[in-house]
Amino acid sequence: SGTAASTQSSTEVYHVASNAWVSGPAMASGRFDHEAVLLNSGKVLIVGGINNTTYLGTLDEFTPSNHSGTIAAKAAMGTNRRDFQAVQLTSAQSG
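What counts, and where the lines are drawn
Residues numbered from 1 in each chain as written. Predicted model: local features only at pLDDT ≥ 70, side-chain atom pairs only at ≥ 80, totals over all residues. Heavy atoms only, no water. Helix = DSSP H or I, 4+ residues; strand = E, 2+ residues; numbered from the N terminus. Buried < 20%, exposed > 50% of the residue type's maximum accessible area, 1.4 Å probe, protein only. Contact = heavy atoms within 4.5 Å. Areas by Shrake-Rupley, 256 points an atom, 1.4 Å probe, with all protein chains shown as cover. Core = buried A, V, L, I, M, F, W, Y, C linked by side-chain atoms within 4.5 Å. Pairing = 2+ DSSP bridges. Axes fitted to C-alpha atoms, helices over the stretch in contact; angles between N-to-C directions. Salt bridge = Lys/Arg side-chain N within 4 Å of Asp/Glu carboxyl O. pLDDT = per-residue confidence, 0-100.

So, about the overall build of the chain. On a plain count of helices and strands, the chain comes out with 1 helix and 6 strands. Secondary structure of the chain in N-to-C order comes out as β-β-β-β-β-β-α. Within the chain, buried positions represent 25% of all 95 residues. Put simply, of all contacts in the chain between residues at least 6 apart along the chain, 38% involve residues at least 24 apart. Of the accessible surface of the chain, which amounts to about 6400 Å², a share of 50% is contributed by carbon and sulfur atoms.

Right, dumping it as C-alpha cells:
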C-alpha cells in the first residue's frame, strides 16, 4: 500500500536569514529512500537509496556555501542500501 515514489536528483537549501528554500546543486544520481547525515564539518553525506529499480551504495557529499553549495561523489559503500538509518560516529567510534 502507499503511493509510488519517484527519484529526485534535485536538492533544496534552506536559508535561515531569508526564511526561504532555494534550488541547490543536483546529486550525481536520482534517488529516494536515502539517508542524509550532518557532519561536524558542516557538510552533509547523502547515502544510499533506490533509483526506482536498483538499491544504491553511492555517497554524495554536500558542501554548503552562501548561495547553494556543491555536491561531490564519494567512495561507495560495500553494500547497497535503502530505507535504513545512518548516524555520525565520533572519531573514537570510527577507528
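So that's the structure; there's more coming.
Here is a general trend for soluble globular proteins: nonpolar side chains tend to be buried in one another's company. Formed by Val13, Met27, Val44, Ile46 and Phe62, the largest nonpolar core amounts to 5 residues. Apart from the residues lying within four places of it in its own chain, the contact partners of Val44 are Ala36, Val37, Leu38, Asp60, Glu61 and Phe62.

The next subject is the sheet that holds strand β5 (residues 55-63). Strands in a sheet are paired, the pairing made by backbone hydrogen bonds, and the direction either parallel or antiparallel. If you walk across this open sheet you meet the 4 strands as β3-β4-β5-β6, and the pairing is antiparallel. Either end of the sheet is taken by a strand with one partner, and the two such strands are β3 (35-38) and β6 (70-74). Averaged over all adjacent pairs, the angle separating strand axes in this sheet is 25 degrees, with direction ignored. In terms of strand pairing, β5 meets β6 through 5 bridges, oriented antiparallel. Each bridged residue has a counterpart across the sheet, and for Phe62 the counterpart in β6 is Ile71.

With the rule as written, the count across this model stands at 4 salt bridges. With a closest N to O distance of 3.7 Å, Glu61 and Lys43 form a salt bridge. Linking Glu61 in strand β5 with Lys43 in the loop between β3 and β4 (44-50), this pair joins segments that are 18 residues apart in sequence. Taking the relative accessible area as the measure of exposure, Lys43 reaches 27% and is therefore partly exposed.

Another point: the confidence of the model for the chain. This prediction gives the chain a mean pLDDT of 83; 87% of its residues lie at or above 70. Per-element averaging of pLDDT across the chain places helix α1 (residues 91-94) at the bottom with 54 and β5 at the top with 91.

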